[in-house]
Amino acid sequence: MTRSLVTARGSTSISEAITLMETAGIRHLPVMGEHGRLESLVSLRDMLVYQRSWYDDDPEQLIDICLSEFDGGEVWTVLGDTWLSELSLTMRDNRFGCL
């Protein structure tokens, strides 16, 4: 588990987020709102798939949007006192890579 949390803002572009994640060695990035609340959680895989979907035959046509425009899916959170066994089941049942 990472002790110092790496986060991004909604105004961060997908390419900036990918660079940040690769530098920090992480696969999931919390996107924080203006009041410090979690808005979304994006995965490196989802962003790379999104970017690849915009390639035509010319990589120069890559579309780079802000994270606030990228739909990373529904965000699930848990309380700090949630049992590990419950977390494991939730992750397995929903095929989550992280909570």
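Placed above this text is the structure.
Predicted model, so just to flag it, every value in this text is computed and none were measured.

Draft legend 1. How the structure looks around the pattern of salt bridges. Tallying each qualifying case throughout the model produces two salt bridges. Ionic pairing is found between Asp46 and Arg45, a salt bridge with its closest N-O pair at 3.4 Å. Here Asp46 falls in the partly exposed class, since its relative accessible area comes to 30%. The exposed category is assigned to Arg45, whose relative accessible area is 61%. For Asp93, the salt bridge goes to Arg92, with nearest N and O atoms at 2.8 Å.

Draft legend 2. The sheet that holds strand E2 (residues 28-32), seen in detail. In space, the three strands of this open sheet follow the order E1-E2-E3, with mixed pairing throughout. Strand pairing shows two members of the sheet lacking a second neighbour, strand E1 (8-9) and strand E3 (38-43), which therefore form its edges. One ladder, built from five bridges, connects E2 with E3; its direction is antiparallel. The residue bridging His28 from the neighbouring strand is Ser43, located in E3. Helix-sheet contacts for helix H1 (residues 14-24) involve E2 and E3, and the interaxial angle to E2 is about 130°.

Definitions and cut-offs
- Residues numbered from 1 in each chain as written.
- Predicted model: local features only at pLDDT ≥ 70, side-chain atom pairs only at ≥ 80, totals over all residues.
- Heavy atoms only, no water.
- Salt bridge = Lys/Arg side-chain N within 4 Å of Asp/Glu carboxyl O.
- Buried < 20%, exposed > 50% of the residue type's maximum accessible area, 1.4 Å probe, protein only.
- Pairing = 2+ DSSP bridges.
- Helix = DSSP H or I, 4+ residues; strand = E, 2+ residues; numbered from the N terminus.
- Contact = heavy atoms within 4.5 Å.
- Axes fitted to C-alpha atoms, helices over the stretch in contact; angles between N-to-C directions.

Coordinates in, geometry out; function isn't part of it.
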